[in-house]
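Each chain, written out:
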Amino acid sequence: MNFYELQAFVALSEELHFGRAASKLNLSPSALSRIITRLEEEANSILVDRSNRQVSLTADGKIFLKYAQESIQRRNQLTEQLSGQKEKIIGSLHLYASVTACYTVLPEFLKKFTELYPEIQLSIETGDPAGAIEAVRAGRAAMAVAAIPESGVSQMDTFSVVKTPLVYAAAKNSQFVNLEGSPQDIISTVPLILPKTGLARVRFEKWIKSRNVKPTIIAETEGNEAIMALVQMGLGIGLVPQIVLDYGPYKGEYVSHSAGNSMGYYDVGFIRKAEITGTTINKRIQEAVSRVLKMIYN
């Protein structure tokens, strides 16, 4: 077995899905499957349970995962020591962000970070903003861009970047451009497209309960991009942060209707674990992240 095969196994253990892991590795699912089979033959044990639609590690697979991770970490440390470039920080930084965050919040950080630490390889997972905090808790990402709850996040450090109100977006070519009345009047009469989960949904449910409003929810989905796609079809108005309308592909194509002051603002920023743990390389990378965050946002 070689380090590439070990990295492939680690990727599969993180995704628990052959298709997603293969995409991350720039392989076909069948090629990844052959790598796993070779590892199982060398280990003389079944490492991956393929019996269900959801891939899972066997008990031996979990032991092998620890071996693979430690081997890769030791390889990275040895490479750094032998390179004679101890002042350089070499390794990888895994981030989680929504597509919206990729063109609003992340660019300034990434520009400065890659300028100062070009040897650090960046890996960015995109997904529903509601899954950002869990991605950090689960260890899939070292840092995420997310809406920061008012009470903060337990055992996490947060770095606020921008505050943006929640609004209802309507496509300019739809019948929902000119809406009259209060937010309560609008919600009572206009079909809504809402996020399934997350801070915006929690605030919405609290708001309608406090006002005894019965909304017409025509669709629920994950991610602001999916909401905006349905809004563009003219199905209704979608609850999103204003920042979604102000940047990227949506700019100028939609109008926004106030969601009311009681829905509050999104405090969007970076979230990561407060305690820096792991190998020496990981700690140095996190220290580099801290320096860049303070440089930009303090």
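The structure we're discussing is the one just above.
Everything quoted here is computed from the prediction, not taken from an experiment.

Calculation notes
- Counting starts from 1 at the beginning of each chain's written sequence and moves along it residue by residue.
- Thresholds applied to this predicted model are a pLDDT of at least 70 for local features of residues and 80 or more for the giving and counting of side-chain atom pairs; totals over whole chains, interfaces and linings are not thresholded and use all residues.
- Hydrogen atoms and water are omitted, and side-chain values are computed over all heavy atoms in the structure.
- Secondary structure elements follow DSSP: runs of H or I of four or more residues count as helices, runs of E of two or more count as strands, with numbering from the N terminus.
- Each residue gets one of three labels from its accessible area relative to the maximum for its type: buried under 20%, exposed over 50%, partly exposed in between, using a 1.4 Å probe on protein chains only.
- Under the convention used here, a 1.4 Å probe and the Shrake-Rupley method define accessible areas, while residue burial counts only the protein chains that appear.
- In this text, buried Ala, Val, Leu, Ile, Met, Phe, Trp, Tyr and Cys residues form a nonpolar core when linked through side-chain atoms within 4.5 Å.
- Contact definition: two residues touch when any of their heavy atoms are within 4.5 Å.
- Each salt bridge in this description consists of a side-chain nitrogen of Lys or Arg and a carboxyl oxygen of Asp or Glu lying within 4 Å of one another.
- The rule is short: rings of Phe, Tyr and Trp, with Trp giving its six-membered ring, pair when the centres are within 6.5 Å, and they are stacked under 30 degrees, edge-to-face over 60, tilted in between.
- Over a ring means this: the NZ of a Lys or the CZ of an Arg is within 6 Å of the ring centre and within 35 degrees of the ring normal.
- A fitted line through C-alpha atoms serves as each axis, taken over the contacting stretch for helices, and the angle formed by two N-to-C directions is quoted from 0 to 180°.
- Oblique is the label for every angle not falling under 35 degrees (roughly parallel), over 145 degrees (roughly antiparallel), or within 65 to 115 degrees (roughly perpendicular).
- Handedness of a helix crossing follows the sense of rotation of the near helix relative to the far helix, less than a right angle counterclockwise being left-handed and clockwise being right-handed.
- Here, expected helix span is obtained from the residue count minus one, scaled by 1.5 Å.
- Cavity and pocket criteria rest on a 1 Å grid covering protein atoms alone: a 1.4 Å probe that fits but cannot get out defines a cavity, protein on both sides within 12 Å along at least 5 of 7 lines defines an open pocket, and an atom within 4 Å of a point defines a lining residue.
- Grid points are joined across faces, edges and corners, and a volume is the space filled by probe spheres set on the points.
- Note on residue categories: nonpolar means Ala, Val, Leu, Ile, Met, Phe, Trp, Tyr, Cys or Pro, charged means Asp, Glu, Lys or Arg, and polar means any other residue, Gly included.
- To count toward a patch, a residue needs a relative accessible area over 30% and no salt bridge; like charges are then connected within 9 Å, while nonpolar side chains (Val, Leu, Ile, Met, Phe, Trp, Tyr) are connected within 5 Å.

Chemist: Sorry, what's going on with the overall build of the protein here?
Modeler: Tallying secondary structure elements over the protein gives twelve helices and eleven strands in all. Counting only C-alpha atoms, the protein reaches 70 × 50 × 35 Å along its principal axes. Of all 298 residues assigned to the protein, the portion counted as buried reaches 42%. As displayed, the protein offers around 15,800 Å² of accessible surface, 49% of which is attributable to carbon and sulfur atoms.

Chemist: Even after reading the chapter, I still don't get the nonpolar core, so can you show me in this structure?
Modeler: Nonpolar side chains tend to gather and get buried jointly when the protein is soluble and globular. Counting residues in each nonpolar core, the largest one holds 45 residues, and the members touching the most others are Phe109, Phe113, Tyr168, Phe204, Leu239 and Phe270. Element by element, the count of residues in this core is highest for helix 12 (residues 280-297), at seven residues. Residues contacting Phe109, with those up to four places away along its chain left out, are Leu95, Met143, Phe270, Val289, Val292, Leu293, Ile296 and Tyr297. Within the second largest apolar cluster, 22 residues are counted, among which are Val48, Leu57, Ala68 and Ile72.

Chemist: Even after reading the chapter, I still don't get the pattern of salt bridges, so can you show me in this structure?
Modeler: Once their charged atoms are close, side chains differing in charge can pair, the charge on each being opposite to the other. Taken as a whole, this structure holds eleven salt bridges when the rule is applied. One salt-bridge network, in which partners are shared between bridges, spans Glu14, Glu15, Arg20 and Lys24.

Chemist: Just checking my understanding: could you explain the packing of aromatic side chains for this structure?
Modeler: The geometry of an aromatic ring pair comes down to the distance between the two centres and the angle between the two planes. Under the counting rule described, the total for this entry stands at six aromatic pairs. The interplanar angle of 85° and the centroid separation of 5.0 Å between the aromatic rings of Phe9 and Phe64 together place this pair among those described as edge-to-face. With Phe9 in helix 1 (residues 3-15) and Phe64 in helix 4 (residues 59-83), this residue pair connects regions lying 55 residues apart in the sequence. According to the relative accessible area criterion, Phe9 is buried, its value standing at 0%. Assessed through its relative accessible area of 9%, Phe64 is described here as buried. Ring plane angle 50° and centroid distance 5.2 Å describe the contact between Phe109 and Phe270, whose orientation is recorded as tilted. Separated by 161 residues along the polypeptide, Phe109 in helix 6 (residues 106-116) and Phe270 in strand 11 (residues 265-273) bring together distant segments of the chain. As far as the burial class goes, Phe109 and Phe270 line up, both buried. In this structure, Arg75 is placed above the aromatic ring of Phe3, and the distance from its NZ or CZ to the ring centre is 4.8 Å.

Chemist: When you look at the packing of helix 1 against helix 2 (residues 18-25) in this model, what are you seeing that I'm missing?
Modeler: Geometrically, a packed helix pair is captured by the angle between its two axes and the distance between the axes. Two elements in contact, helix 1 and helix 2, have axes whose closest approach is 8 Å; the angle formed by their N-to-C orientations is 135°. Classified by the interaxial angle, the pair formed by helix 1 and helix 2 is oblique. Handedness of the helix 1/helix 2 crossing: right-handed. Touching Tyr4, Gln7, Ala8, Ala11, Leu12, Glu14 and Glu15 of helix 1 are Phe18, Arg20, Ala21, Lys24 and Leu25, all from helix 2.

Chemist: Help me out: how do you make sense of helix 3 (residues 29-43) in this one?
Modeler: Helical geometry: 3.6 residues make up each α-helical turn, so side chains three or four residues apart lie on a common side. The terminal C-alpha atoms of helix 3 lie 21 Å apart, and with 15 residues this matches the ideal 21 Å at 1.5 Å per residue to within 8%. Every buried residue belonging to helix 3 is among Ala31, Leu32, Ile35, Ile36, Leu39 and Glu40, and all of these are buried. Immediately beyond the C-terminal end of helix 3, within one or two residues, lies Asn44, with a positive phi of roughly 55°.

Chemist: Help me understand the layout of surface pockets in this model?
Modeler: Rolled over the atoms, a probe with the dimensions of a water molecule shows which regions are left empty. By volume, the largest pocket amounts to about 1,800 Å³. What lines the largest pocket is a set of 49 residues, and nearest its centre among them are Glu14, Ser92, His94, Gly139 and Asn282. Of all elements in the fold, only helix 1, helix 2, helix 4, strand 3 (91-97), strand 4 (120-126), helix 7 (132-137), strand 11 and helix 12 reach the threshold of two or more residues within the lining of the largest pocket. Among the residues forming the lining of the largest pocket, the class breakdown is 19 nonpolar, 19 polar and eleven charged.

Chemist: What is the right way to read the side chain of Gln286 from this model?
Modeler: Structurally, Gln286 can be placed in helix 12. Ignoring anything within four residues of it in the chain, the contact list for Gln286 reads Leu93, Ala142, Arg272 and Ile276.

Chemist: Would you take a moment to explain a nonpolar patch on the surface for this structure?
Modeler: A surface patch of nonpolar side chains, about 280 Å² in accessible area, is lined by Ile218, Met233 and Leu235. Take Ile218: it is sitting in strand 8 (residues 216-221). Assessed through its relative accessible area of 45%, Ile218 is described here as partly exposed.

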